[in-house]
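Residues per chain, in single letters:
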Amino acid sequence: MSLHVVIGAGPVGTATALLLAARGEHVRLITRRGSGPEHPAVERVTADATDAAALVAHCLDATAVYQCAQPAYHRWPQDFPPLHRAVLTAAEHSGAMLVTVGNLYGYGEFDVPVTEDRPLRPNSVKGRVRAEMWAEQLAAHEAGRIRTAEVRGSDYLGPHATSAATTLLLPAVLSGRRALVPADLDAPHTWTATADVARLLVAVAADESAWGKPWHVPSAAPLSVRALAELLATVAKAPPARVTRMPAAMLWSAGLFVPSAREIRELRYQFDRPFVMDSSAATAHFALDPTPLDDSLRGTVDAFRSLAARQ
């Protein structure tokens with residue numbers, strides 16, 4: 001039984017830990033508060049992942065480390081780099097293979113389906129943070145200091161995922177209200193299941209030929225915000241979805257008081273035009289088919305309703 005260290009117990013970290021545990025691996029799940037799923041094969045550890053010395057100690061016997069944690073959205077420029085460097089230090093000292101969870105921000109704007117070989121040309125603060133971290137990570141790999149790869153997905157669907165779909169569409173559609181979304185409602189958009197992120201993380205870690213490069217998570221065919229809302233209503237057996245484009249002025253005003261809305265403004269380009277991720281390389285290399293969108297939405301709805309019932 002190998003030791004696999006998962007950093008972060010958000011939707012992707014939790015899915016990764018449970019997937020590894022189901023495969024019979026020993027999982028050490030590191031979070032600031034010792035949180036995470038209860039499972040006999042999951043050892044929950046309380047630690048600050050920005051503390052490089054502590055992280056090294058927890059990773060020493062690991063076969064692989066999965067970096068799934070991220071700071072508060074509005075704190076990326078300040079808090080992400082020290083977390084990232086501590087993880088690189090742990091990977092270097094332990095010799096464990098490191099797989100990190102990334103996204104598409106580093107590519108900047110694109111008008112055609114984006115592939116992994118597209119240069120990183122960020123046009124946002126968060127995109128620059130992502131691009132700089134990957135450059136540092138790849139340089140360490142090429143220097144022989146670590147073994148690593150990155151897994152990149154688009155906007156998430158799945159239990160407890162946070163994305164435009166889960167924060168703007170889901171609550172409104174389930175309650176029969178009109179959803180306001182700052183987007184071209186009919187532009188094709190790629191949605192990624194958190195379960196598929198976990199599956200690719202585990203596959204990449206086990207395949208030496210996949211190291212030293214980024215991989216796009218196998219994701220279902222793109223669907224517009226309007227079409228996704230309609231599918232969501234069908235899956236949830238909710239009233240027909242009603243979606244309206246949020247005026248730019250409303251988003252701007254919300255950003256004066258709500259940090260998350262303020263952060264969305266610089267990334268609005270992702271919803272103002274087609275935003276499509278090409279994941280054919282990973283689909284072919286790892287023989288992984290994406291989770292159907294209706295299944296992803298069903299899991300998203302079930303988790304949302306379960307949490308609402310407990311509260």
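Residues numbered from 1 in each chain as written. Predicted model: local features only at pLDDT ≥ 70, side-chain atom pairs only at ≥ 80, totals over all residues. Heavy atoms only, no water.

### Remarks on the overall build of the protein chain
If you tally the helices and strands in the protein chain, you get 11 helices and 11 strands. Relative to a compact globule of 311 residues, whose C-alpha radius of gyration would be 19 Å, the protein chain shows 19 Å and is just as compact. With respect to the principal axes defined by its C-alpha atoms, the protein chain has extents near 50 × 40 × 40 Å. With 311 residues in all, the protein chain has 51% of them scored as buried. Contacts in the protein chain between residues at least 24 apart in sequence constitute 72% of all its contacts with a sequence separation of at least 6. Summed over its atoms, the accessible surface of the protein chain is roughly 13,500 Å², and 54% of this surface lies on carbon and sulfur atoms. (Helix = DSSP H or I, 4+ residues; strand = E, 2+ residues; numbered from the N terminus. Rg over C-alpha atoms; globule rule 2.2 N^0.38 Å. Buried < 20%, exposed > 50% of the residue type's maximum accessible area, 1.4 Å probe, protein only. Contact = heavy atoms within 4.5 Å. Areas by Shrake-Rupley, 256 points an atom, 1.4 Å probe, with all protein chains shown as cover.)

### Here we look at the packing of aromatic side chains
The geometry of an aromatic ring pair comes down to the distance between the two centres and the angle between the two planes. Per the counting criterion, the structure on display carries 6 aromatic pairs. An angle of 75° between the planes, with centres 5.1 Å apart, marks the rings of W76 and F80 as edge-to-face. With W76 and F80 both in helix α3 (residues 76-94) and 4 residues apart, the pair spans about one turn of that helix. W76 gets classed as buried once you look at its relative accessible area, which sits at 1%. Of the aromatic side chains, those joined through ring pairs into one cluster are Y73, W76, F80 and Y105. The ring of Y73 carries K126 above its face, with NZ or CZ at 4.7 Å from the centroid. When the ring centre of W134 is taken as origin, the NZ or CZ atom of R152, which lies over that ring, is 5.5 Å away. (Phe/Tyr/Trp six-rings, centres within 6.5 Å; stacked < 30°, edge-to-face > 60°. Lys NZ or Arg CZ within 6 Å of the ring centre and 35° of its normal.)

### Notes on helix α7 (residues 225-236)
Residues lying three or four places apart along an α-helix face the same way, a consequence of the helix completing one turn every 3.6 residues. Over its 12 residues, α7 extends 16 Å from the first C-alpha to the last, a length consistent with the 16 Å expected when each residue adds 1.5 Å. Listed as buried for α7 are V225, L228, A229, L232, A233, V235 and A236. The buried residues of α7 occupy an angular sector of 165° when the element is viewed end-on, so they sit on one face. Considering only its buried residues, α7 is in contact with β7 (155-157), α5 (164-175), β8 (179-181), β9 (191-193), β11 (243-245) and α11 (293-310). K237 lies just past α7 and shows a positive phi near 55°. (Expected span 1.5 Å × (residues − 1). Arc of directions from axis to C-beta.)

### Observations regarding the nonpolar core
In this structure, Y66, L200, L201, V204 and F286 are the most contacted members of the largest nonpolar core, which totals 35 residues. Those elements giving two or more residues to this core turn out to be α1 (11-22), β2 (26-31), β4 (64-67), β5 (97-103), β6 (148-153), α6 (194-205) and α10 (280-286). The greatest single-element share of this core, amounting to 8 residues, is contributed by α6. Beyond its immediate sequence surroundings of up to four residues, Y66 is in contact with H4, V5, V6, I7, T16, L20, V99, L201, V202 and A205. (Core = buried A, V, L, I, M, F, W, Y, C linked by side-chain atoms within 4.5 Å.)

### Brief notes about the sheet that holds β4
On the basis of which strands lie adjacent, the open sheet formed by 7 strands has the order β3-β2-β1-β4-β5-β6-β10 and parallel pairing. If you trace the sheet from one side to the other, it starts and ends with β3 (42-46) and β10 (214-216), each paired once. Ignoring which end each strand starts from, the neighbouring axes of this sheet average 20° apart. Sheet analysis places strand β1 (residues 3-7) next to β4, joined by 4 bridges and oriented parallel. Considered in β4, the bridge of V6 is made with Y66. Across the face of the sheet, α1 comes into contact with β1, β2, β3, β4 and β5 while running at roughly 165° to β1. The strands that α6 touches are β4, β5, β6 and β10; relative to β5, the one it contacts most, it runs at about 145°. (Pairing = 2+ DSSP bridges. Axes fitted to C-alpha atoms, helices over the stretch in contact; angles between N-to-C directions.)

### A short note on the packing of α7 against α11
Relative to each other, α7 and α11 sit at 60°, their axes nearing to 9 Å. Taken as a pair, α7 and α11 cross one another with a handedness that is right-handed. Note on element contacts: α11 touches α7 through L293, D294, L297, R298, V301 and R305, opposite L228, L231, L232, V235 and A236. Along the lines of polarity and charge, the residues of the contact of α7 with α11 split into 8 nonpolar, no polar and 3 charged. (Left-handed = near helix turned anticlockwise from the far one by under 90°. Nonpolar A, V, L, I, M, F, W, Y, C, P; charged D, E, K, R; others polar.)

### Notes on the pairing of β5
Counting buried residues in β5 gives 7 out of 7 residues, a clear majority hidden from the surface. Of the two faces of β5, the one carrying M97, V99, V101 and N103 and the one carrying L98, T100 and G102 are both buried. Bridge count for β5 against β6 is 6 bridges, and the pairing is parallel. Across the sheet, residue V101 finds its bridge partner in β6, namely V151.

### Observations regarding the pattern of salt bridges
Across all of its chains, the model carries 14 salt bridges by this definition. With a closest N to O distance of 3.1 Å, E43 and R28 form a salt bridge. With a gap of 15 residues between them, E43 in strand β3 and R28 in strand β2 connect regions that are remote in the sequence. Taking relative accessible area as the criterion, E43 reaches 31% and is therefore assigned partly exposed. With its nearest N and O atoms 2.9 Å apart, the salt bridge here joins D295 to R298. Of this pair, D295 and R298 both sit in helix α11, 3 residues apart, which is roughly one turn of that helix. The exposure class assigned to D295 is partly exposed, which follows from its relative accessible area of 38%. One connected set of salt bridges, linked through shared partners, spans E109, D111 and R273. (Salt bridge = Lys/Arg side-chain N within 4 Å of Asp/Glu carboxyl O.)

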